[in-house]
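Secondary and tertiary structure notes
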Amino acid sequence: WAPAFLNGIGNLVGALSWGVDNGLGYLDLGQFDHWTELPSACFAAALLSAKVLREIGPLDEGFPMYYEDSEWCYRARLLGYAVRPAQRAVIYHAFSGRVPDGAEHGLDATKLQRVAYGRLRFITLLLGRGYLLRFLCAYLLEDVLQGMIGLIRGRWGHFRAYWRAWGSYLASLRLLRQKRKLLQARRRRTDRELFDLQRRIPAPLVWRGLPLLTWDIVRYEYLPWIERGQSPRPKMTLGRALSIWRVEGLAALAHRIGRDILWRWMQP
């Protein structure tokens, strides 16, 4: 429904929030064509070598859906392989199957339970002790806060989703520890090497499911590339913040600042 905008060039997993599509919501002006390696590929469009698949192992069927492609890719990278983008390949993805209307819908309870469990399984299998503890504490705090917000709003299904996800995780922990031990004995990269790659990836440009295309974004995100071929790292200055407030409103400014803060916190 919006083919000029990127759905994503692979994806990544951060220390907060859910997995994110790289470049989500950006106009495709070729500004990402220089990328030679990705944190993870979306398996809606990926080619895997049979030899590598045998060496890395199959996808983990313990994932109920979501995070299984990221886990396989991070696992492959942990074992010394690389995930490469095909810059000229274009795939059209139906995404959610409907055109977003700009309203805040959030995740339904079933999907919420799956992603909450998936990211816990992901970190338990892959991360060393220091990173695992940091991610686990962040996810626990986030899930407790979101679960309490669900209770306050009367969204019992969302509260139960978090409760069931953690229950499933704790129930599977013994088997996960066995799988983790085998994988960790084979690792060839540190956690820092595993996550350093994603620090250069910009925050998504979407709000309420819709791509953002405002004068501010054209000026600070796209114009430097159009004029000079430079991929910008725009900062939120006071002048820029006042301009967004004046033209787009206070809600838009709060969203933009909150997005940037969350993106920094997500980086391991």
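A quick note: this is a predicted structure, and the numbers were derived from the prediction, not measured.

Within this structure, the stated rule accounts for 11 aromatic pairs. A ring pair is formed by Tyr 131 and Phe 195, whose centres lie 6.0 Å apart and whose planes are at 10°; its orientation type is stacked. Separated by 64 residues along the polypeptide, Tyr 131 in helix H4 (residues 129-152) and Phe 195 in helix H7 (residues 191-196) bring together distant segments of the chain. Looking at Phe 195, the relative accessible area reads 1%, which means it is buried. Aromatic side chains Phe 135 and Tyr 139 sit 5.9 Å apart centroid to centroid with 80° between the ring planes, which places their arrangement in the edge-to-face category. Of this pair, Phe 135 and Tyr 139 both sit in helix H4, 4 residues apart, roughly one helical turn. Exposure remark for Phe 135: the relative accessible area of 0% places this residue in the buried category. By the ring-pair criterion, three or more aromatic residues cluster together here, those being Tyr 67, Tyr 74, Phe 122, Tyr 131, Phe 135, Tyr 139 and Phe 195. Just above the ring of Tyr 139 sits the side chain of Arg 119; from NZ or CZ to the centre is 4.0 Å. Over the face of the ring belonging to Phe 63 we find Arg 121, whose NZ or CZ atom lies 5.5 Å from the ring centre.

Formed by 55 residues in total, the largest nonpolar core has its most connected members in Tyr 74, Phe 122, Leu 126, Leu 127 and Phe 135. No other element matches the 9 residues that helix H3 (residues 109-126) contributes to this core. In contact with Phe 122, other than residues within four places in its own chain, are Val 13, Phe 63, Tyr 67, Ser 70, Glu 71 and Tyr 74.

What counts as what
- Residues numbered from 1 in each chain as written.
- Predicted model: local features only at pLDDT ≥ 70, side-chain atom pairs only at ≥ 80, totals over all residues.
- Heavy atoms only, no water.
- Phe/Tyr/Trp six-rings, centres within 6.5 Å; stacked < 30°, edge-to-face > 60°.
- Helix = DSSP H or I, 4+ residues; strand = E, 2+ residues; numbered from the N terminus.
- Buried < 20%, exposed > 50% of the residue type's maximum accessible area, 1.4 Å probe, protein only.
- Lys NZ or Arg CZ within 6 Å of the ring centre and 35° of its normal.
- Core = buried A, V, L, I, M, F, W, Y, C linked by side-chain atoms within 4.5 Å.
- Contact = heavy atoms within 4.5 Å.

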